[in-house]
Amino acid sequence: MDAVRRRLPHSSPWALRTTDSSPHDTSAPLACRRGLHRTATRDIASFWHALATTGSRPVDGMQALGPRLTLLAGAADAHVPADHTRALARRIPQVQFVLADQATHTLPVRHPQMIVDILACPAGRQDPHPSHQS
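Thresholds applied
- Position labels on residues start from 1 in each chain and follow its written sequence.
- With pLDDT at 70 or above as the cut-off, local features in this predicted model cover only qualifying residues; side-chain atom pairs require 80 or more to be listed or tallied, and sums for whole chains, interfaces and linings still use all residues.
- Heavy atoms from the whole structure form the basis of all side-chain values; hydrogens and water molecules are not counted.
- Elements are defined by DSSP. Helices are runs of H or I of four residues or more, strands are runs of E of two residues or more, and each kind is numbered from the N terminus.
- We call a residue buried when its accessible area falls under 20% of the maximum for its residue type, exposed when it is over 50%, and partly exposed in between, using a 1.4 Å probe and counting protein chains only.
- Contact between two residues is taken to exist if any of their heavy atoms lie within 4.5 Å; hydrogens are not considered.
- For the accessible areas, the method is Shrake-Rupley and the probe is 1.4 Å, while residue cover comes only from the protein chains on display.
- Strands were regarded as paired on the criterion that DSSP finds at least two bridges between them.
- Throughout, right-handed denotes a crossover for which the path from the first strand over the helix to the second runs clockwise when the strands point away from the viewer.
- Salt-bridge detection follows one rule: a side-chain nitrogen of Lys or Arg within 4 Å of a carboxyl oxygen of Asp or Glu.
- Buried Ala, Val, Leu, Ile, Met, Phe, Trp, Tyr and Cys residues that are joined via side-chain atoms within 4.5 Å together make up what is termed a nonpolar core.
- To be clear, the arc concerns the directions from the helix axis to the C-beta atoms.

1. Comments concerning the overall build of the chain
Reasoning step 1: Along the backbone of the chain there are seven helices and two strands.
Reasoning step 2: The order of helices and strands in the chain, counted from the N terminus, is α-α-α-α-β-α-β-α-α.
Reasoning step 3: Looking at the 134 residues of the chain, the share that counts as buried comes to 22%.
Reasoning step 4: Here the contacts in the chain between residues at least 6 apart in sequence split such that 57% fall between residues at least 24 apart.
Reasoning step 5: In the form shown here, the chain has an accessible surface area of approximately 9,600 Å², with 58% of it arising from carbon and sulfur atoms.

Encoded structure:
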């Protein structure tokens, strides 16, 4: 499969590359997608298999964080729709859910102040450092 991906045009979202594109190459993927272009098909398949077979176990781990956990979603995120994050938030007691209007999948990159504010001021929350809790 990787041999086929190496032959795809650089503009293909599935192309596999071992070298960086020129900064002037308009067919190069966005920076946030470059990882896919350098990841072997076997590794991508393993990742998706792990996600598919894990079931609700990640939710169990998140539940332990309870009120220290904040889930953020971009209202315009086409990769992970906000409704998916909202549904996850409903499964975790005491989690804070934040929906950012007009934000996309690049929410942390394009709205850094929002991230800083949430991290710096967990209003009404318990100590965000579990080692300090009694």
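2. Some points on the pairing of strand 1 (residues 70-74)
Reasoning step 1: Summarising the sheet, strand 1 and strand 2 (residues 96-100) pair through five bridges and their orientation is parallel. Pairing of Leu71 across the sheet is with Phe97, part of strand 2.
Reasoning step 2: With helix 5 (residues 82-90) bridging strand 1 and its parallel neighbour strand 2, the resulting β-α-β unit is right-handed.

3. Observations regarding the pattern of salt bridges
Reasoning step 1: Inspection of the entire model under this criterion finds three salt bridges.
Reasoning step 2: Among the salt bridges present, the one from Asp43 reaches Arg42, with a minimum N-O distance of 3.8 Å.
Reasoning step 3: Residue class for Arg42 comes out exposed when judged on its relative accessible area of 61%.
Reasoning step 4: The salt bridge involving Arg86 is made with Asp83; its shortest N-O contact spans 2.7 Å. Here Arg86 and its partner Asp83 are both found in helix 5, three residues apart, which amounts to about one turn of the helix.

4. Examining the nonpolar core
Reasoning step 1: Grouped together as the largest cluster of nonpolar side chains are six residues: Val59, Leu69, Leu71, Ala89, Ile92 and Val95.
Reasoning step 2: When near neighbours in sequence (up to four residues on either side) are disregarded, Ile92 contacts Val59, Met62, Gln63, Leu69 and Leu71.

5. Focus: helix 5
The periodicity of an α-helix, 3.6 residues per turn, causes residues three or four places apart in sequence to face the same way.
Reasoning step 1: Buried within helix 5 we find Ala82, Thr85 and Ala89. Here the buried residues of helix 5 occupy an arc of 65° about the axis, which is enough to place them on one side. When the buried face of helix 5 is taken as reference, the exposed residues oriented beyond 90 degrees from it are Asp83, His84 and Arg90.
Reasoning step 2: Structurally, helix 5 contributes buried residues whose contacts are with strand 1 and strand 2.

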